Every structure is written in structure tokens, then in C-alpha cells.
Amino acid sequence: MRFDIVTIFPEFFEVLDISLLGKARANGVVEYSIHDLRDFTHDKHRTVDDTPYGGGAGMVMKPEPWGDAIDAFATDDTVVVVPSPAGEPFTQAMAREFAAAPRLLFACGRYEGIDQRVVDHFSTRMRVRAVSLGDYVLNGGEVAALAIIEAVARLVPGVVGNPESLVEESHEDGLLEYPSYTKPQEWRGLEVPPVLLSGNHAAIAAWRREQQVQRTRDVRPDLLPD
Ligand code: 6GU
């Protein structure tokens, strides 16, 4: 799977060489290509932004560099992901959808966002998704893109060593994950729940399920069906 990333801060993406994602890149399981938006400007100052029509605070990213950059790296089968606090909430289901695409292109905006015509234009030619990480504001799309890339890349076969570890995770079955314990059996006066030491696999599975439901009811009731 191929990831193209367009940004005015290519250095943000150096972390893609670390840990599992770095290993996957070295093994050729995933491919990342980072592009500087300013390489698609044509003026001496390499300008990427301008004042908003209609007035208001902040600057808006100009459409021309984005148009040329996306033309250069996107094909018909690319999904263009535009991280934005005004986007649809990013979910595990969306991560699975993106992981099934052959290529993703991340358009990382700064300032007050990208001229709306960029999304409107490319939406007629390919899949374009404005995606938000949650109800809070980041300075730009770079950190959000990294989070989305990590969530997607770990679903690509061969990135996570043991595929079974993908199954029993929070959100995969619509519930939060159960609590986990390891040795020692007692730590600072706290015991591991006895059922986990019982060797009774059915009882352990039932306890874990209960814990998932209880935890989800406590901290994320919105995830439970009515
Ligand atoms: Cl995807 N982008 C920005 N700039 N802020 C955010 C976000 C995205 N998701 C939450 N806040």
C-alpha cells in the first residue's frame, strides 16, 4: 500500500521510520512518499496562503499549489484524505475502508484550512474524505495524518506481526477492550483477578466480555446499542 503526504512540514513525518511502521517501510510492505507543498508554488516567496474572501481572521491555503500537487500524485484509485476539525469523525471502520484502498494521499492543511474548491474539484475525479480526529483543534493536519496513517497501516497484512492481536482490540467489535494483567501476581497490594489464574478458558472469556461491557457502559455509553 502506498501513502503520499503533501505538507509544508515534511520533517513531521520522519517518525514513520520508527518501530513497526518503520519496519514495514524497510520491508516494502508499505511505501511512504512525503512531498513539500512549496515545491508546487511558482513565485519567488513560495507562497501557499492568502487572506480569506469575505474577511475574517487567519489565512487560507491557496488552491493552485494543492491542485498541482494532487494532480502529480493522485490517480483514479487514490483516496484523498484531508485532515480537518470540520471533517467526519475518524473511526476504526474508516481505518478498515482506507486500508483496503491501493493508495492514500494526505493533504495536510495549516492556517484556517484549504480553499474549499480543492475538495470540490477533486471530489468529481476521485474519493475525497475530510476527516477529523475529534472535537478539539490542532494547529494543522500533520499530527492528525500521522494518527490516521498509523491506524490504517497496522491493518495492512504483514505490518503487525501477529494478526490475532488485531482482533481483540478496542473498537474492533464495537466495545472497549478488557483490562490486561501480567506478572507479578501481586503488585503494591493489588492482586490479579483470580479468574485469570483459574485455567478455565470459558470462565475467562465470559469475565473478559463482562469487563468490556462494563467499561464501555462507564466511559463510552455512546458506543452501546440502545
Ligand atoms: Cl484532522 N485537523 C486539525 N487541524 N485539527 C483537528 C483534527 C484534524 N481533528 C481534530 N482536531
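What this report covers is the structure whose coordinates are included nearby.

What counts, and where the lines are drawn
- Residues numbered from 1 in each chain as written.
- Predicted model: local features only at pLDDT ≥ 70, side-chain atom pairs only at ≥ 80, totals over all residues.
- Heavy atoms only, no water.
- Helix = DSSP H or I, 4+ residues; strand = E, 2+ residues; numbered from the N terminus.
- Buried < 20%, exposed > 50% of the residue type's maximum accessible area, 1.4 Å probe, protein only.
- Contact = heavy atoms within 4.5 Å.
- Areas by Shrake-Rupley, 256 points an atom, 1.4 Å probe, with all protein chains shown as cover.
- Lys, Arg positive; Asp, Glu negative; His and termini not counted.
- Charge placed at Lys NZ, Arg CZ, Asp CG, Glu CD.
- Near = heavy atom within 4 Å.
- Polar contact = N/O pair within 3.5 Å; in protein donor to acceptor, adjacent residues only side chain to side chain.
- Salt bridge = Lys/Arg side-chain N within 4 Å of Asp/Glu carboxyl O.
- Core = buried A, V, L, I, M, F, W, Y, C linked by side-chain atoms within 4.5 Å.
- Pairing = 2+ DSSP bridges.
- Axes fitted to C-alpha atoms, helices over the stretch in contact; angles between N-to-C directions.

1. Considering the overall build of the chain
Here comes step 1: Regarding its fold elements, the chain presents six helices and nine strands.
Here comes step 2: The 226 residues of the chain split such that 39% are buried.
Here comes step 3: Sequence-distant contacts in the chain: of pairs separated by 6 or more residues, those separated by 24 or more amount to 75%.
Here comes step 4: Element-wise, carbon and sulfur atoms account for 52% of the exposed surface of the chain, whose accessible area totals about 13200 Å².
Here comes step 5: Considering the chain, the positive charge centre built from 22 side chains and the negative charge centre built from 35 side chains are found 2 Å apart.

2. What to know about the site of the ligand
Here comes step 1: Every residue near the ligand is listed here: Pro83, Ser84, Pro85, Val131, Ser132, Leu133, Gly134, Tyr136, Val137, Leu138, Gly140 and Ala144.
Here comes step 2: The separation between a nitrogen atom of the ligand and a polar side-chain atom of serine 132 is 3.5 Å.
Here comes step 3: Here a nitrogen atom of the ligand sits 3.1 Å away from a polar atom, N or O, in the main chain of leucine 138.
Here comes step 4: Here the ligand, which alone exposes 290 Å², has 96% of that area covered by the protein.

3. Here's the deal with the side chain of aspartate 4
Here comes step 1: For aspartate 4, the position within the fold is in strand β1 (residues 2-7).
Here comes step 2: Among the polar contacts made by the side chain of aspartate 4, one reaches the side chain of histidine 35 at a distance of 2.7 Å.
Here comes step 3: Setting aside residues up to four positions removed in sequence, aspartate 4 forms contacts with Ser33, His35, Phe73, Arg103, Leu104, Leu105 and Phe106.

4. A short note on the pattern of salt bridges
Here comes step 1: Enumeration over the complete set of coordinates arrives at 15 salt bridges.
Here comes step 2: Ionic pairing is found between arginine 127 and glutamate 97, a salt bridge with its closest N-O pair at 3.3 Å. Taken together, the residues span a long stretch of sequence, with arginine 127 in strand β7 (residues 127-132) and glutamate 97 in helix α3 (residues 92-99) at a distance of 30 residues.
Here comes step 3: You can call arginine 127 partly exposed: its relative accessible area is 42%.
Here comes step 4: Given the relative accessible area of 29%, glutamate 97 is considered partly exposed.
Here comes step 5: A salt bridge links aspartate 173 to arginine 209; its shortest N-O distance comes to 3.1 Å. Residue aspartate 173 is found in the loop between α5 (141-153) and β8 (186-187), and its partner arginine 209 is found in helix α6 (residues 201-219); the two are separated by 36 residues along the sequence.
Here comes step 6: Exposure remark for arginine 209: the relative accessible area of 43% places this residue in the partly exposed category.
Here comes step 7: Salt bridges sharing partners connect three or more residues here, namely Arg2, Asp4, Glu31 and Arg103.

5. A short note on the side chain of threonine 216
Here comes step 1: Take threonine 216: it is sitting in helix α6.
Here comes step 2: At 2.7 Å, the side chain of threonine 216 and the backbone oxygen of glutamine 212 are in polar contact.
Here comes step 3: Not counting residues within four places of it along the chain, the set of residues in contact with threonine 216 comprises Leu175, Leu176, Pro221, Leu223 and Leu224.

6. Some remarks on the nonpolar core
Soluble globular proteins: nonpolar side chains tend toward being buried together.
Here comes step 1: Judged by nonpolar contacts, the single largest core of 32 residues is most densely connected at Phe3, Phe90, Phe98, Leu104, Phe106, Ile149 and Val152.
Here comes step 2: Put simply, the parts of the chain that give this core at least two residues each are β1, α1 (19-26), β5 (78-89), α3, β6 (103-107) and α5.
Here comes step 3: Among the elements that take part in this core, α5 stands out by supplying seven residues, more than any other.

7. Observations regarding the sheet that holds β7
Here comes step 1: One open sheet accounts for five strands, arranged β2-β1-β6-β5-β7; its pairing is parallel. The open sheet terminates on both sides in strands that have one partner only, identified here as β2 (31-36) and β7. The mean inter-strand angle of the sheet, taken between neighbouring strand axes irrespective of direction, is 25°.
Here comes step 2: Looking at chain direction, β1 and β6 are connected through five bridges and run parallel. Looking at the pairing, valine 6 lines up with alanine 107 of β6.
Here comes step 3: Each of β1, β2, β5, β6 and β7 is contacted by α5, which is oriented at about 175° to β1, the strand it contacts most.

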